[in-house]
Every structure is written in structure tokens, then in C-alpha cells.
Amino acid sequence: MRSKIVAGNWKMNKNLDEGLALTSEIVNMFKDEVNSDALAIIAAPFPLLSGVNGLIKDTDNVFLAAQTCSEYASGAYTGEVSTSMLSSVGVAYVILGHSERRGYFHESDEILAKKTDTVLQAGMKPIFCCGESLETRESGDHFKFVCDQLTAGLFHLDADAFSKVVIAYEPIWAIGTGKTASAEQAQEMHEKLRAHVAEKYGKDIADDTSILYGGSCKPGNAAEIFAGKDVDGGLIGGASLKSRDFVDIIKAF
Ligand code: PEP
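Each value, and the rule that gives it
Residues numbered from 1 in each chain as written. Predicted model: local features only at pLDDT ≥ 70, side-chain atom pairs only at ≥ 80, totals over all residues. Heavy atoms only, no water. Core = buried A, V, L, I, M, F, W, Y, C linked by side-chain atoms within 4.5 Å. Buried < 20%, exposed > 50% of the residue type's maximum accessible area, 1.4 Å probe, protein only. Contact = heavy atoms within 4.5 Å. Helix = DSSP H or I, 4+ residues; strand = E, 2+ residues; numbered from the N terminus. Pairing = 2+ DSSP bridges. Right-handed = clockwise from strand over helix to strand, strands pointing away. Phe/Tyr/Trp six-rings, centres within 6.5 Å; stacked < 30°, edge-to-face > 60°. Lys NZ or Arg CZ within 6 Å of the ring centre and 35° of its normal.

Asks: Honestly, the nonpolar core in this entry has me stumped. Any pointers?
Replies: Grouped burial of nonpolar side chains is what soluble globular proteins tend to show. Of all hydrophobic cores here, the largest spans 66 residues; its most connected members are Ile167 and Leu193. Ignoring any residue separated from it by four or fewer positions in sequence, one finds Leu193 in contact with Cys130, Val146, Cys147, Leu150, Ile167, Tyr169 and Ile211. Among the nonpolar cores identified, the runner-up in size contains 14 residues, and Ala7, Tyr93, Ile95 and Ala168 belong to it.

Asks: Explain the pairing of strand β8 (residues 233-236) to me, please; I cannot follow it from the model alone.
Replies: In the case of a regular strand, side chains alternate between the two sheet surfaces. Going residue by residue along β8, you find Gly233 and Leu235 tucked away on one face and Gly234 and Ile236 tucked away on the opposite face as well. For strand β1 (residues 5-9) and β8, the ladder comprises four bridges, and the chain directions are parallel. Of the residues in β8, the one forming a bridge with Ala7 is Leu235. Relative to β8, strand β7 (residues 211-214) runs parallel, the two sharing two bridges. By the bridge assignment, Gly214 is partnered in β8 with Leu235. A crossover links β7 with its parallel partner β8, the connecting element being helix α11 (residues 219-226), and its sense is right-handed.

Asks: What exactly am I supposed to notice about the packing of aromatic side chains here?
Replies: Each aromatic ring pair is summarised here by two numbers: the centre-to-centre distance and the angle between the ring planes. In the structure shown here, the tally under the stated rule is eight aromatic pairs. An angle of 90° between the planes, with centres 5.4 Å apart, marks the rings of Phe155 and Tyr201 as edge-to-face. A residue pair is termed long-range when its members are at least 10 positions apart, and Phe155 in the loop between α7 (142-154) and α8 (159-162) and Tyr201 in helix α9 (residues 183-201) qualify at 46 residues. Residue classification places Phe155 among the buried positions, given a relative accessible area of 11%. Residues Phe226 and Phe253 carry aromatic rings whose centres are separated by 4.8 Å and whose planes lie at 25° to one another, so their mutual orientation is stacked. With Phe226 in helix α11 and Phe253 in the segment after α12 (243-250), this residue pair connects regions lying 27 residues apart in the sequence. Exposure remark for Phe226: the relative accessible area of 7% places this residue in the buried category. An aromatic cluster is defined as three or more aromatic residues linked by ring pairs; in this entry it consists of Phe155, Phe162 and Tyr201. Taking the ring centre of Phe105 as reference, the NZ or CZ of Arg101 above it sits at 4.2 Å. Over the ring of Tyr201 we find Lys200, and its NZ or CZ is 5.8 Å from the ring centre.

This is how it looks when you write it as C-alpha cells:
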């Protein structure tokens, strides 16, 4: 059965003290208030990972993620962070292919396919992002565009490796804009993505794949979006920086 997941992507926000305070609040509220079987994932900036891990490692349902990683295993790559470094500080998931990485840092499908392999080889799980621009949506090519992103980044994997992947559909026009995809638009794309996975890997694996929605998700709209039968949770940017909002989104299940 697929997991219900709410992942908070802190992006380049929070210093160590702020990040630890936010994590403590989330852990406490989660313990006191969340009674579903949903998982929370915190994707903190690299320097905070070890400290955040110290606060979540004894919980059952809160996991640690990195926001990217190097495609190289080790060596002379100044400034890069390897998957073995991440796993050594308790990271369980790595976000790959966020539109900000694809756009600002020119991460191509080929690089993302390599990063996916590297993450899986290190025993962690990729949260693989896909999503179209407004221009692509208006052209009517959005379903094909987003399915092609999955094909290019993930479909070289064998079935066993693919079954460890979490997908996040994040329409670029909804990220950080306050403009959310409607629940119907999210469900419609998620259904297409699940069918695309089923065509390649079969219905059982497709049914077990968690597909998250991301893009201006907040406490006020999460329940409606998560009600979609193919929507298994959210990847949350801005609203994950406030413990109350993040935990209320988790409680939307
Ligand atoms: C994101 O960047 O992954 C995201 C979903 O951001 P926001 O929730 O702020 O739109």
C-alpha cells in the first residue's frame, strides 16, 4: 500500500537555531496531534541535516530529506555533497528535479537520471519532482511534458528500484505564487502519471507509488487537494516554514 506523505521543503531558509526550533515544534505537535498514519519529511538545508536528525531520529513517522545531492560518489568536486555523506547523517529521502534546480542550476534529465541512481545506490529514496510551466499548460502539451519528465529521469530503473521512488507533481506556475492547481487539475495529472507508471511497470507498482502534489499548498486547501484518489500528500514550500501550518497540512488527511 502506498504511503501518505507530507514533505516540507525549507529551500534556502532557516539557520541552525531556527531550524532546530522549527523541528522541535513539528515533532511535538506531530506527537500530540497527528493520529493518521501519514509520514512527515523535513527537507532541511545541508548544514542543518545532522542537527535536525538528532531531533527526529527517535520518532516513528518523521524522516529527514536533502534538497539535492551530487551525481558523483566522491572526489574532487568542490562544494558538492555526496549521497554517502547524506546517508551518514540520517537522510532517508533526497528531493531531485525540483523546478528551481532544473531552472536555476540547469539540471538536465540526464543529470537527474544519474542522481536518481546515486540516491538509490546509497539506500535512500528519491522524491522526484516533475511539473510544467504555464506556457506548456496553455499549449495543451502538459500531460505529455510531465510524463516525458518521468520517462527521462526514472524509466531506466528496474521495477525493484522504481518501487522506492516517490513522485512529486509540482506545476511551476503554482510554486510560491499563491496560485494553487485546483483539486481537479491535481487529480487529473496524478491519474495520468499513475497510468504512465502502470504502462511501464504494471498496475501493482503504480498503485503502490506515492504521488505528492506541490504548489502553494496550505492548511486551507490541503484537505480538498488530498481528497483526490491519486493524490497521496504534498510537497510543501512556504507553508512548511511554520510548524502550525505544516502540521495542520499533515492533519488534512
Ligand atoms: C516547492 O517549492 O516545492 C513548493 C511547493 O513551494 P510552495 O509550497 O511555496 O509553492
